[in-house]
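Structural features, examined
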Amino acid sequence: MMEQMDKHRREDFVQELFDSIAKRYDLFNAVLTLNQDSYWRSFAVNKAYIKTGQSILDVCCGTGKLSIALAEKAGRQGQIVGLDFSETMLQQAKENIRKTPYSQRITLLQGNALHLPFSDQSFDCTTIGFGLRNVADIAKALSEMYRVTKSGGTVLSVELSKPSAPMLKQLYFLYFEHLLPLIGNLGFKKNQPYYNLPASLRTLPDHSEIQKLFLQVGLKQVTSYQLTGGIAAVHLGIK
């Protein structure tokens, strides 16, 4: 379905989708990834060259889990901006952040990843966690992240990926095509949001193509890491 939509329709669709699952998003992410999503975020933050006191933009921040990890890494003087276009997800992020010591260091803002509302070179580091597969134009989103990052700063993505080992790949798509939607949609009568996750994964470029896109927008020293057998990938580049 999603691969057939134009960009504007896809943006509306994704926004409605995440509005509908916001309150259950964290729970199901933990269950459906066997809590690996927490490890993937931690790995990404530790690779991001974050220094104490830096300013960081977290694009497609969702419920704020990556923003919280970034705030912990950036220390007391660090400032994090979490941006997402789903108001409901931002409300859930606000609740999650309120339970941490970092509420004074994280600012939440509603906005579009393809048109970031910031000046050039505004942040020391720009991140996106599990959001690339949902943007209407990955190259445009990365270009915007590059634009708002300071010279010498870092751009980082952590995202689901596609395993290359044949047996693991078959098991992976069996899980995401059949088992995950059945589990994830328990309690949903109409929207059935988790049936759209396999579509977003099918159209997502593999880790090597994402690495090429990082290079195409101008990032240097681009490095990628495949995690948990290639189920997730972290990409990092320097401006």
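Look above for the structure.
In what follows, the accompanying structure is described. Along each chain, the written sequence defines residue order, and numbers are assigned to residues from 1. Selection of residues for local features in this predicted model requires a pLDDT of at least 70, selection of side-chain atom pairs for listing and counting requires 80 or more, and totals for whole chains, interfaces and linings are taken over all residues. Values shown for side chains rest on all heavy atoms present in the structure; no hydrogens or waters enter the calculation.

1. Thoughts on unusual backbone geometry
If you check the backbone angles, Q221 has positive phi at about 50 degrees while not being a glycine. Its location among the elements puts Q221 in strand β6 (residues 220-227). Here Q221 falls in the exposed class, since its relative accessible area comes to 65%. Phi at T228 takes a positive value of approximately 50 degrees, unusual for a residue other than glycine. The helix and strand labels rest on DSSP assignments: H or I over at least four residues marks a helix, E over at least two residues marks a strand, and numbering proceeds from the N terminus. The cut-offs for exposure are 20% and 50% of the maximum accessible area for each residue type, with area from a 1.4 Å probe on protein chains only; residues under the lower value are buried, those over the upper are exposed, and the others partly exposed.

2. Looking at the side chain of S55
Locating S55 in the fold gives a position in strand β1 (residues 55-59). Taking relative accessible area as the criterion, S55 reaches 16% and is therefore assigned buried. Note on contacts: a residue pair is in contact if any heavy atoms of the two residues lie within 4.5 Å. Excluding residues within four positions of it along the chain, S55 makes contact with Q79, S122, F123, D124, C125 and K150.

3. Thoughts on the sheet that holds strand β3 (residues 106-110)
Paired strands are those between which DSSP finds at least two bridges. Strand order in the open sheet formed by 7 strands is β3-β2-β1-β4-β5-β7-β6, with mixed pairing between adjacent strands. The open sheet has two edge strands, β3 and β6, and neither has a second partner. Each adjacent strand pair in this sheet contributes to an overall mean axis angle of 15 degrees, direction not counted. Bridge count between β1 and strand β4 (residues 123-129): 4 bridges; the pairing is parallel. Looking at the pairing, L57 lines up with T126 of β4. Between the N-to-C directions of two axes lies an angle of 0 to 180 degrees, each axis being a line fitted to C-alpha atoms and, for a helix, fitted only over the stretch in contact.

4. Things to note about the environment of D120
Position of D120 relative to the elements: it lies in the loop between β3 and β4. With 31 residues separating them in the primary sequence, D120 and S151 have C-alpha atoms 9.9 Å apart. Beyond its immediate sequence surroundings of up to four residues, D120 is in contact with R147 and V148. Whenever two N or O atoms come within 3.5 Å, that pair is a polar contact, provided that in protein one can donate a hydrogen and the other can accept it, and provided that, for residues adjacent in sequence, both atoms are side-chain atoms. Engagement of the side chain of D120 in a polar contact is seen with the side chain of R147, the distance being 2.9 Å.

Function-wise, these values are silent; they only describe arrangement.
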